[in-house]
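Here are the chains, one letter per residue:
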Amino acid sequence: MADLRVKQRYAVIGAGWAGCAAAMELARAGHAVTVYEAARTLGGRARRVEREKTVLDNGQHILLGAYTETLRLIKLAGQDPAELILSLPLQMRYPVDSGGMDFLAPRLPAPLHLAWALLRAKGLQRADKLSLMRFSTAMRWMGWQLYNDCTVSELLQRFDQTDRLNRLMWHPLCLAALNTPPERASARVFINVLRDSLGASRRRASDMLIPKTDLSALLPEAAARYVEQHGGAVRTGAKITALHALPDGRWRLDDADSFDAVIVATSSVQAATLLQGVRDPRLDDAITRMQAFTPEAISTCYLQYDAAVRLDLPFCALVDAPEQQHWGQFVFDRGQLDGKQAGLLAVVISASGSAAEQGHGPLAQAIAAQLAQVLRRPELARPAWTQLITEKRATFACAPDLLRPGNASGVPGLLLAGDYTANEDRTQDYPATIEAAVRSGVAAARVVTTAKAAKQT
């Protein structure tokens with residue numbers, strides 16, 4: 001029998017969270033890894049940017065305690081999540097007297113923490129609470145699985161969720177998790193997220209985690225150090241434009257390096273372009289599925305105020321009402337995450353296509369006016385500066401029964417990794433989140449190493 005510990009040479013194209021996860025898994029297994037990233041900053045669509053001489057992110061993110069693979073790799077990379085991430089109990093809290101609610105789970109064992117939070121919730125009527133209890137009970141009875149997919153709106157209607165509960169909890173949660181409006185979002189994928197957070201046996205799984213450092217520093221840059229410490233290389237500013245299948249089963253990138261296998265961890269658009277260049281009919285199915293995705297945008301508006309400006313909470317929900325020019329859905333106090341950013345607020349708009357059409361200046365002005373009104377603080381209408389960042393292709397529309405390619409492209413030695421790939425078990429599919437990207441990267445690395453090991457036996 002051949003020695004299964006033979007070191008392979010692998011290439012990872014893309015240093016977003018999927019690519020970094022794949023590279024770390026390959027390096028951990030003892031293989032030689034080279035990562036190619038077209039940009040100069042690591043992190044892909046969740047990365048650091050600098051505006052107004054301030055370090056920001058290209059989008060304000062919030063993680064969940066259920067993001068087990070992300071947290072595992074952060075630790076593997078030598079990072080301490082306790083130092084880099086603010087952990088908060090599950091909550092959906094709106095500003096006082098803004099027409100919202102106050103739902104805060106105590107640090108009790110699951111599922112008691114949810115029962116207590118529901119009992120003490122303010123802003124919900126008895127009918128709303130009973131509606132939520134029925135939904136939670138039904139989901140547990142169903143094992144948090146939905147075999148026949150439908151839209152989130154249809155699911156909520158099927159379980160008689162009240163209008164107020166939909167508006168203040170389910171709709172904003174759906175937008176935040178799937179970046180797709182409930183009337184177009186997959187109920188199956190939404191339930192998967194609820195299962196791993198609200199329905200988990202561990203209370204910590206439902207915790208809400210807000211990075212206190214920039215996203216590139218949280219994992220991608222630490223992942224690059226890990227790969228390099230294990231004999232690999234990370235090349236930034238290195239755009240790969242072509243893949244060539246060699247007669248011996250290896251792959252050549254552009255006209256230079258050759259590798260035993262390649263993991264394409266770019267966006268689905270870039271991946272489809274690379275795969276088209278291979279001109280292999282076995283790739284047609286994966287290409288067709290990627291080209292069918294509909295992009296969804298996410299906008300984050302940063303507003304800088306005097307350093308003395310501080311919110312009552314690290315973050316809170318906002319009632320979005322586009323007809324009133326209230327576009328913001330969540331506001332974060334960056335000063336409570338990093339003392340160097342005192343007075344800096346970040347407002348998130350998921351599925352922001354319509355909002356972004358307003359234009360940067362008018363949209364930022366509308367958000368400042370919304371904050372001033374709902375928080376009852378007139379000074380928030382006059383920020384010192386604003387910066388609006390819109391990722392037009394932040395995610396794909398997570399529609400019901402969406403056909404997504406798996407990690408295996410259909411051609412040996414060529415793997416896909418990204419938040420758009422499907423899990424072998426459809427009941428495990430996640431929306432386009434950081435955790436989905438990380439899980440996909442880990443899975444791709446394991447698929448390719450297993451295939452190579454089997455070939456050597």
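Our subject is the structure that appears above.
Note that residues are indexed from 1 along each chain, following the sequence as it is written. At least 70 in pLDDT is required for a residue's local features to be given in this predicted model, at least 80 for side-chain atom pairs to be given and counted, and no such filter applies to totals for whole chains, interfaces and linings, which use all residues. As a rule here, side-chain values cover all heavy atoms of the structure and leave hydrogens and water aside.

In this structure, what is going on with the overall build of the protein chain? I would like to understand it.
Helix and strand counts for the protein chain come out as 15 helices and 20 strands. Relative to the globule expectation of 23 Å for 457 residues, the C-alpha radius of gyration of the protein chain, 22 Å, shows essentially globular dimensions. Projected onto its principal axes, the C-alpha coordinates of the protein chain cover approximately 70 × 50 × 40 Å. The buried label goes to any residue with under 20% of its type's maximum accessible area, the exposed label to any with over 50%, and the partly exposed label to all in between, with areas taken from a 1.4 Å probe on protein chains only. Buried positions account for 58% of the 457 residues belonging to the protein chain. For accessible areas, the Shrake-Rupley method is used with a probe of radius 1.4 Å. Any residue's cover is judged against the shown protein chains and nothing else. Summing over all exposed atoms, the protein chain offers an accessible surface of approximately 19,700 Å²; the carbon and sulfur share of this is 51%. Taking the average place of the 52 positive charges on the side chains of the protein chain and the average place of its 46 negative ones, the gap between the two points comes to 3 Å. The helix count covers DSSP runs of H or I at least four residues long, the strand count covers runs of E at least two residues long, and both are numbered beginning at the N terminus. This radius of gyration counts C-alpha atoms alone. The globule rule is 2.2 Å times how many residues there are, raised to the power 0.38. For the purpose of charge, His is not counted, nor are the chain termini; Lys and Arg are scored as positive and Asp and Glu as negative. Positions of charges follow a simple convention, taking NZ of Lys, CZ of Arg, CG of Asp or CD of Glu.

Would you mind showing me how to read the sheet that holds strand β16 (residues 315-317) here?
What links the strands of a sheet is backbone hydrogen bonding, and the strands pair in either a parallel or an antiparallel sense. Here a strand pair is declared whenever DSSP counts at least two bridges between the two strands. Taken in spatial order, the 5 strands make up an open sheet running β16-β17-β18-β15-β19, and their pairing is antiparallel. Both edges of this open sheet fall to β16 and β19 (385-396), since each of them pairs with a single strand only. Neighbour-to-neighbour, the strand axes of the sheet open up by a mean angle of 20 degrees, direction not taken into account. Inspection of the sheet shows strand β15 (residues 295-304) paired to strand β18 (residues 344-350) by 7 bridges, in the antiparallel sense. Bridging from a neighbouring strand, Q304 pairs with L344 of β18. Contacts are assigned to residue pairs that have any heavy atoms within 4.5 Å of one another. Axes, fitted as lines to C-alpha atoms, cover a helix only where it is in contact. Angles between the N-to-C directions of the axes lie from 0 to 180 degrees. Helix α14 (residues 360-374) rests against β15, β17 (330-333), β18 and β19 of the sheet, and its axis sits at about 65 degrees to β15.

Can you walk me through a nonpolar patch on the surface in this structure?
Residues form patches when they are more than 30% accessible in relative terms and have no salt bridge. Like charges link within 9 Å. Nonpolar side chains (Val, Leu, Ile, Met, Phe, Trp, Tyr) link within 5 Å. What makes a salt bridge here is a side-chain nitrogen of Lys or Arg within 4 Å of a carboxyl oxygen of Asp or Glu, nothing more. Taken together, the side chains of L108, L112, W116 and L119 make up a nonpolar region of the molecular surface, amounting to roughly 400 Å² of accessible area. Position of L108 relative to the elements: it lies in the loop between β8 (102-104) and α4 (112-120).

In this structure, what is going on with the nonpolar core? I would like to understand it.
Generally speaking, nonpolar side chains in soluble globular proteins are found buried as a group. Here the nonpolar core consists of buried residues drawn from Ala, Val, Leu, Ile, Met, Phe, Trp, Tyr and Cys, with membership extended through side-chain atoms lying within 4.5 Å. By size, the foremost hydrophobic cluster in this structure holds 134 residues, and its most contacted members are F103, W170, L243 and V264. Formed by 24 residues, the second largest nonpolar core is a distinct cluster that contains I349, A366, A368 and V374.

What's the story with the pairing of strand β1 (residues 9-13) in this structure? I'm lost.
The two faces of a sheet get side chains in turn, since along a regular strand they alternate between them. For β1, the buried fraction is high: 4 of the 5 residues fall into the buried class. Since β1 and strand β2 (residues 32-37) lie parallel, the crossover through helix α1 (residues 17-28) that links them has a hand, and here it is right-handed. Judged from the 4 bridges that link them, β1 and strand β14 (residues 261-264) form a sheet pairing that is parallel. Within β14, the residue paired with I13 across the bridge is V264. For a crossover, the right-handed case is the one in which the path from the first strand over the helix to the second runs clockwise, viewed with the strands pointing away from the viewer.

Can you help me understand the sheet that holds β14 in this one?
In spatial order, the strands read β10-β2-β1-β14-β20; together these 5 strands make up an open sheet with parallel pairing. Each end of this open sheet is capped by a strand with a single partner; those strands are β10 (233-236) and β20 (414-416). Along the sheet, successive strands turn relative to each other by an average axial angle of 15 degrees, direction set aside. The pairing of β14 with β20 spans 3 bridges and is classified as parallel. By the bridge assignment, V264 is partnered in β20 with L416. Where α1 meets the sheet, it contacts β1, β2 and β14, and its direction lies at approximately 165 degrees from that of β1.

How do you make sense of the side chain of Q161 when you look at a structure like this?
Note on placement: Q161 falls in the loop between α6 (152-158) and α7 (163-178). Within the local environment of Q161, its side chain forms a polar contact with the backbone oxygen of S131, the two atoms lying 3.0 Å apart. In this structure the side chain of Q161 is engaged in a polar contact, spanning 2.8 Å, whose partner is the side chain of W170. The residues contacting Q161, other than those within four sequence positions of it, are S131, L132, F135, L156, N166 and W170. Throughout this description, a polar contact denotes any pair of N or O atoms lying within 3.5 Å of each other; where both atoms belong to protein, one of them has to be capable of donating a hydrogen while the other can accept it, and for residues adjacent in sequence the pair is counted only when both atoms sit in side chains.

In this structure, what is going on with the pattern of salt bridges? I would like to understand it.
If the charged atoms of two oppositely charged side chains come close together, the side chains can form a pair. Scanning the entire structure with this criterion turns up 23 salt bridges. Between R107 and D207 there is a salt bridge, and its shortest N-O distance comes to 3.5 Å. With a gap of 100 residues between them, R107 in the loop between β8 and α4 and D207 in the loop between α8 (187-197) and β9 (208-211) connect regions that are remote in the sequence. With a closest N to O distance of 2.8 Å, R184 and E296 form a salt bridge.

Please clarify how the environment of L414 should be interpreted in this entry.
Summarising the element assignment, L414 is placed in strand β20. Residue class for L414 comes out buried when judged on its relative accessible area of 1%. In this structure the C-alpha to C-alpha distance between L414 and V234, which are 180 residues apart in sequence, comes to 19 Å.

Looking at this model, I keep getting lost on the pairing of β17. Mind explaining?
Along β17, one buried face is formed by F330 and F332 and the opposite face, lined by V331 and D333, is buried too. As paired elements, β16 and β17 share 3 bridges and run antiparallel to each other. Within β17, the residue paired with F315 across the bridge is F332. Where β17 lies against β18, 4 bridges are found, and the strand directions are antiparallel. Residue pairing in the sheet places V331 in a bridge with V347 of β18.

What am I meant to see in the packing of α4 against helix α5 (residues 126-141) here?
Geometrically, a packed helix pair is captured by the angle between its two axes and the distance between the axes. Direction vectors running N to C along α4 and α5 enclose 165 degrees, while the axes themselves pass 10 Å from each other. One finds that α4 runs roughly antiparallel with respect to α5. In the crossing of α4 with α5, the sense of the turn from one axis to the other is right-handed. Listed contacts from α5 to L114, L118 and L119 of α4 are K129, L132, M133 and R140. Residues are grouped as follows: Ala, Val, Leu, Ile, Met, Phe, Trp, Tyr, Cys and Pro are nonpolar; Asp, Glu, Lys and Arg are charged; all remaining types, including Gly, are polar. Of the residues contributing to the contact of α4 with α5, the split by class is 5 nonpolar, no polar and 2 charged. Orientation labels follow simple angle bins: below 35 degrees gives roughly parallel, above 145 gives roughly antiparallel, 65 to 115 gives roughly perpendicular, and whatever is left gives oblique. Handedness of a crossing is defined here by the sense of rotation of the near helix relative to the far one, left-handed for an anticlockwise turn of less than a right angle and right-handed for a clockwise turn.

Even after reading the chapter, I still don't get the environment of V374, so can you show me in this structure?
Positionally, V374 belongs in helix α14. Distance from V374 to Q304, taken between C-alpha atoms, is 18 Å for residues 70 residues apart in sequence.

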